[in-house]
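Coordinate analysis (summary)
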Amino acid sequence: MSETATVAVVPGDGIGHEVVPAALEVLDAVADIEFVHAEAGDAVAEQRGTPLPEGTLEAVSEADATLFGATGETSADVILPLRDAVDSFVNVRPARTYPGVDAVQPETDLVILRENTEGVYAGVENRLTEDVSTLTRLVTQSASRRLAEFACDYVESNGHDGFTVAHKNNVMRVTDGLFVDTVREEAAARGVDVDEAYMDAMATHLAMDPAGYDVIVCPNLAGDVLSDLAAGLVGGLGLLPSANIGSERGIFEPVHGCAPDIAGEGIANPSATILSAAMLLEFLGADGAARDVRAAVEATLADGPRTPDLGGTATTDAVAEAVVDRLPEH
Ligand code: ATP
Ligand code: MG
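All of these numbers come straight from a predicted model, not from anything done at the bench.

**Considerations on the packing of helix α9 (residues 271-283) against helix α10 (residues 287-303)**
Close contact between α9 and α10 brings their axes to 7 Å; oriented N to C, the two are set at 160°. With respect to α10, the axis of α9 lies roughly antiparallel. Where α9 crosses over α10, the handedness of that crossing is left-handed. For the pair formed by α9 and α10, the contact residues are Ser271, Ile274, Leu275, Ala278, Met279, Leu281 and Glu282 on the first element and Asp287, Ala289, Ala290, Val293, Arg294, Val297 and Leu301 on the second. Residues belonging to the contact of α9 with α10 are distributed by class as follows: ten nonpolar, one polar and three charged.

And the structure:
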C-alpha cells in the first residue's frame, strides 16, 4: 500500500454492527487506512425510505475497497447494486479448517471462485399467468471468460495445480455448455489443468471427501450453495470470509448474514469479518499485514478466547482484542 487507501465501511444490520467494528480494530492496528462510514440495510430503509442511500453507493463506488457486514430482508437490494457498482465479476470464498475448531471434515482447505453477475441470479423473473412463472438463466461468453482468466491468475499466483469446474452441461446444454467450453478454452490457452464435475455429484464428493478439491470454479447459484455446504464442513458460518472482486475495486464481507437471533448480544464470532479484512488488505497490496492478521486469527482460534458458536463464552470484543494482542508491531 503505497499511499493511504480509502476504505468504505458498511456494517449494515444486526451483528454487522458488532463484527465490522471488531474488524476495524484489527485493520487499524496493521495499516494506514482512511475509513469512510456509510449505512445500508433494513434499519436505514425504515428511517430514510431506501435501503441503499445515494451517499452509500457513492462511497463504495469511489473507495479503493469496501468492508461490508451483512444486511437483512433488504439484502438483495443492497449487495447486488453494490457488487454492480464495483463491477464485481467474481466472488472468492475460501473455506478451510483451523486447529482448535471442531469440523465435520477436518481436511477441508479449498476456495470457491463463484461467477458473480449472471446465471439464475441475473434477476430476470416473470409471472406469466396465475399458474406460470419463469426465470431466464443468463450466461455470457464474456463473463465466463473473465471468470476463467481470474481463475487461471489465481491458480498461478497461489501455487495451485489447476482447478475444478462445477457445472451441469448435461442438462443445461446451451448455457452451461457455453460456460464450460469457454472456461476450458481459456485454461487450455493458459496451460492450466482443469478437472470437471457435475455440481450435484460435487456436493456429494465435497461432503464425503473435501480434500479432493482445491480450487473450484462455478456458476453463480452453484457457488452460493456449494460454499454454504463448505461452511458446514469447516465449523460454521462464523469462520468464512469472502471477496467480491472487480477490475479496480472490491467488497469484502463475511459469508454469513446479519443473524437476528443473536444480534445485540455481543457474542457474534468476528473471525469471518476479520478474515475478510485480511482479504481486503491483500487486495490493497498489503500482503504482509494480511499474513499477520491471518496468523493472529489462527492463534486465537487455537488458544481462545472463543465465542459461543465455537463452544466458548467470550464476547465479540474479547476475541477482537485477543487478535489485536497477537499482532506484531506495525
Ligand atoms: P442470509 O439470508 O443473509 O444468508 P441466513 O438466514 O443464512 O442469512 P445468518 O444470518 O447467516 O442467516 O445466520 C444463520 C445462523 O448462523 C444463525 O443461527 C446465526 O446466529 C448464526 N451465525 C451467523 N453468523 C454468525 C456469527 N458471526 N457468529 C455466530 N453465529 C453466527
Ligand atoms: Mg445464508
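**Observations regarding the sheet that holds strand β11 (residues 241-245)**
Read across the open sheet, the ten strands follow the order β2-β1-β3-β12-β11-β4-β5-β10-β8-β9; overall the sheet is mixed. Only two strands of the sheet have a single neighbouring strand rather than two, namely β2 (33-37) and β9 (193-198). Sheet twist, expressed as the mean angle between neighbouring strand axes with direction ignored, is 25°. The pairing of β11 with strand β12 (residues 250-254) spans five bridges and is antiparallel.

**Let's talk about the site of ligand 1**
Around ligand 1, the neighbouring residues are Ile15, Leu237, Gly238, His256, Gly257, Cys258, Ala259, Asp261, Ile262, Ala268, Asn269 and Asp309. Residue Asp261 places a side-chain N or O atom 2.7 Å away from an oxygen atom belonging to ligand 1. For ligand 1, whose free accessible area comes to 620 Å², the fraction covered by protein is 59%. Across the shell around ligand 1, the residue classes tally to six nonpolar, four polar and two charged.

**Considerations on unusual backbone geometry**
Residue Pro305 is reached from Gly304 by a cis peptide bond, and omega for that bond is 0°. Looking at the secondary structure, you find Pro305 in the loop between α10 and α11 (316-325). At Asp87, a position not held by glycine, the phi torsion is positive, near 55°. Looking at the secondary structure, you find Asp87 in the loop between α4 (75-85) and β4 (90-96). Judged by relative accessible area, Asp87 falls into the partly exposed class, the value being 33%. A positive phi angle, near 45°, is found at Ala259, a position not held by glycine.

**Points about the pairing of strand β5 (residues 109-115)**
When you tally the buried positions in β5, you get six out of seven residues, the bulk of the element. Two elements, β4 and β5, share seven bridges in a ladder whose sense is antiparallel. Its bridge partner lying in β5, Arg96 is registered against Asp109. In this sheet, strand β10 (residues 215-218) lies alongside β5 in parallel orientation, the contact comprising four bridges. Within β10, the position partnered with Ile112 by the bridge is Ile216.

**Looking at the pairing of strand β7 (residues 133-138)**
Here strand β6 (residues 119-127) pairs with β7 via five bridges, running antiparallel. Each bridged residue has a counterpart across the sheet, and for Arg127 the counterpart in β7 is Ser133. Linkage of β6 to β7, two consecutive antiparallel strands, is achieved through a turn of five residues.

**Quick look at α11**
Listed in full, the buried residues belonging to α11 are Thr316, Val319, Ala320, Ala322 and Val323. Burial along α11 is one-sided: seen end-on, the buried residues are contained in an arc of 160°. Taken together, the buried residues of α11 touch α1 (16-30), α9 and α10.

**Some remarks on the packing of α1 against α9**
Running from amino to carboxyl end, α1 crosses α9 at an angle of 40°, the nearest separation of the two axes being 8 Å. In terms of orientation, α1 and α9 fall into the oblique class. Like other packed secondary-structure pairs, α1 and α9 cross with a definite hand, here right-handed. Between α1 and α9, the contacting residues are Val19, Val20, Ala23, Val26, Leu27 and Val30 on the first element and Thr273, Ile274, Ala277 and Leu281 on the second. A breakdown of the residues in the contact of α1 with α9 according to their chemical character gives nine nonpolar, one polar and no charged.

Reading the values: the criteria
- Residues numbered from 1 in each chain as written.
- Chains lettered and ligands numbered in written order.
- Predicted model: local features only at pLDDT ≥ 70, side-chain atom pairs only at ≥ 80, totals over all residues.
- Heavy atoms only, no water.
- Axes fitted to C-alpha atoms, helices over the stretch in contact; angles between N-to-C directions.
- Helix = DSSP H or I, 4+ residues; strand = E, 2+ residues; numbered from the N terminus.
- Parallel < 35°, antiparallel > 145°, perpendicular 65-115°, else oblique.
- Left-handed = near helix turned anticlockwise from the far one by under 90°.
- Contact = heavy atoms within 4.5 Å.
- Nonpolar A, V, L, I, M, F, W, Y, C, P; charged D, E, K, R; others polar.
- Pairing = 2+ DSSP bridges.
- Near = heavy atom within 4 Å.
- Polar contact = N/O pair within 3.5 Å; in protein donor to acceptor, adjacent residues only side chain to side chain.
- Areas by Shrake-Rupley, 256 points an atom, 1.4 Å probe, with all protein chains shown as cover.
- Buried < 20%, exposed > 50% of the residue type's maximum accessible area, 1.4 Å probe, protein only.
- Arc of directions from axis to C-beta.

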